[in-house]
Amino acid sequence: LLFTPADPLDRPRLIVNHDSTAERLKKKPFAAGPVFNDRNWAVLHPIMTRRIMPRRLWMTVKPGVNAPVSWHFYRASFAGFDLNGWEALELIALATQTEFAIDRNCLTARLIDRRR
């Protein structure tokens, strides 16, 4: 991973409010080999929540695709292979410069405050 001085390394990216959901994420395989090149939340969200995928997180992801708050998430560019749900969530949080609150069967993304 490469970091710039603007990257907030001291802030938690994943806030665990429900331990068993966090443990389930660590055991659940994510989509094999996701590759994203300059993709917005409207592309990432369905992949994280789509129920027809053979490997899925099985939880609600907020905000929804058309939510105005998601318009401010950074566009994601990354590749990941053989990831579990936790690792995929960390990768998405880094790529979109968001943090995730992990609640019972629900992930809530929010933009990290970048003001210094």
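Everything here concerns the structure above.
Note that the structure is a prediction, hence the values are computed from the model and not measured.

### Quick word on the overall build of the chain
Next, step 1: Secondary structure assignment for the chain yields 3 helices and 6 strands.
Next, step 2: In sequence order, the secondary structure elements of the chain are arranged as β-α-β-α-β-β-α-β-β.
Next, step 3: Partitioning the contacts of the chain with sequence separation of at least 6, the portion at a separation of at least 24 is 65%.
Next, step 4: Element-wise, carbon and sulfur atoms account for 54% of the exposed surface of the chain, whose accessible area totals about 6,900 Å².

### Let's talk about the pattern of salt bridges
Next, step 1: Evaluated as defined, the whole model comprises 3 salt bridges.
Next, step 2: A salt bridge links Lys 26 to Glu 23; the shortest N-O distance between them is 3.7 Å. Taken together, the residues Lys 26 and Glu 23, both in helix α1 (residues 19-27) and 3 residues apart, mark about one turn of the helix.
Next, step 3: The exposure class of Lys 26 is partly exposed, given its relative accessible area of 36%.
Next, step 4: Looking at Glu 23, the relative accessible area reads 40%, which means it is partly exposed.

### Things to note about helix α2 (residues 41-49)
Next, step 1: Regarding α2, the residues found buried are Trp 41, Leu 44, His 45, Ile 47 and Met 48.
Next, step 2: Looking at the buried residues of α2, the elements they touch are β2 (35-39), β3 (60-62), β4 (76-79), α3 (85-96), β5 (98-103) and β6 (106-111).
Next, step 3: Capping the start of α2, Asn 40 holds a side-chain oxygen 3.1 Å from the backbone nitrogen of Ala 42, two or three residues further along.

Thresholds applied
Residues numbered from 1 in each chain as written. Predicted model: local features only at pLDDT ≥ 70, side-chain atom pairs only at ≥ 80, totals over all residues. Heavy atoms only, no water. Helix = DSSP H or I, 4+ residues; strand = E, 2+ residues; numbered from the N terminus. Contact = heavy atoms within 4.5 Å. Areas by Shrake-Rupley, 256 points an atom, 1.4 Å probe, with all protein chains shown as cover. Salt bridge = Lys/Arg side-chain N within 4 Å of Asp/Glu carboxyl O. Buried < 20%, exposed > 50% of the residue type's maximum accessible area, 1.4 Å probe, protein only. Polar contact = N/O pair within 3.5 Å; in protein donor to acceptor, adjacent residues only side chain to side chain.

These values are about where atoms sit, not about what they do.
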